[in-house]
Amino acid sequence: MKKYCIIAIIVLLVLIYFCFHPLVYQTNYFSKLGIGQSHLYDSIVQNKGEPLSIEQNDDQKWILYYDGLTIRYGSQLETGAFECVSVTGNQYTFGIWKIGVGTSRKKIESVYRHIRKIKDLPNDEFGIIEGDTWVRFRFDENDNVSQIDITTGI
């Protein structure tokens, strides 16, 4: 009987560890943002609705603006390559720790301490790689997240 109690305690501890310390923090950042699996322009408009505005910058790249999100495309909007989505609003959070715009740098570094890091970033940025998703956090002067850039590899 004592042997079963020890095994049960060990199993419980392992389960608690994996629940609060996952190797992958957020399984699909894009789905969490309502973008879905396809990153094509038509698919995003179908999932999120028409953007608040669309502009083409000096590099001939297209930028879609939604409330709290900026989505960047290559030179062709409808057939161009998806480049990046930037989270700028605090209405989007990720994982059980609710990481988002406004989260402290200390919390970001603590939560992602065991995830592979993006190297050679400026001091006001912190980046991680989860599978084929790259997530870069930009911090303001108070070391709180001001923007989160998410892309599929670089």
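Draft legend 1. Expanded view of the overall build of the protein chain. Counting its secondary structure elements, the protein chain contains 4 helices and 10 strands. Scanning the protein chain from its N terminus toward the C terminus, one meets helices and strands in the order α-α-α-β-β-β-β-β-β-α-β-β-β-β. In terms of overall size, the protein chain is more extended than a compact globule, its C-alpha atoms giving a radius of gyration of 19 Å where 154 residues would be expected to give roughly 15 Å. Relative to its 154 residues, the protein chain shows a buried fraction of 38%. Counted over contacts in the protein chain with a minimum sequence separation of 6, partners at least 24 positions apart contribute 36%. Only carbon and sulfur atoms are counted for the fraction: they give 54% of the accessible area of the protein chain, which is about 9,500 Å². Between the centroid of the 16 positive side chains of the protein chain and the centroid of its 18 negative side chains there is a distance of 16 Å.

Quick notes on the rules
- Residues numbered from 1 in each chain as written.
- Predicted model: local features only at pLDDT ≥ 70, side-chain atom pairs only at ≥ 80, totals over all residues.
- Heavy atoms only, no water.
- Helix = DSSP H or I, 4+ residues; strand = E, 2+ residues; numbered from the N terminus.
- Rg over C-alpha atoms; globule rule 2.2 N^0.38 Å.
- Buried < 20%, exposed > 50% of the residue type's maximum accessible area, 1.4 Å probe, protein only.
- Contact = heavy atoms within 4.5 Å.
- Areas by Shrake-Rupley, 256 points an atom, 1.4 Å probe, with all protein chains shown as cover.
- Lys, Arg positive; Asp, Glu negative; His and termini not counted.
- Charge placed at Lys NZ, Arg CZ, Asp CG, Glu CD.

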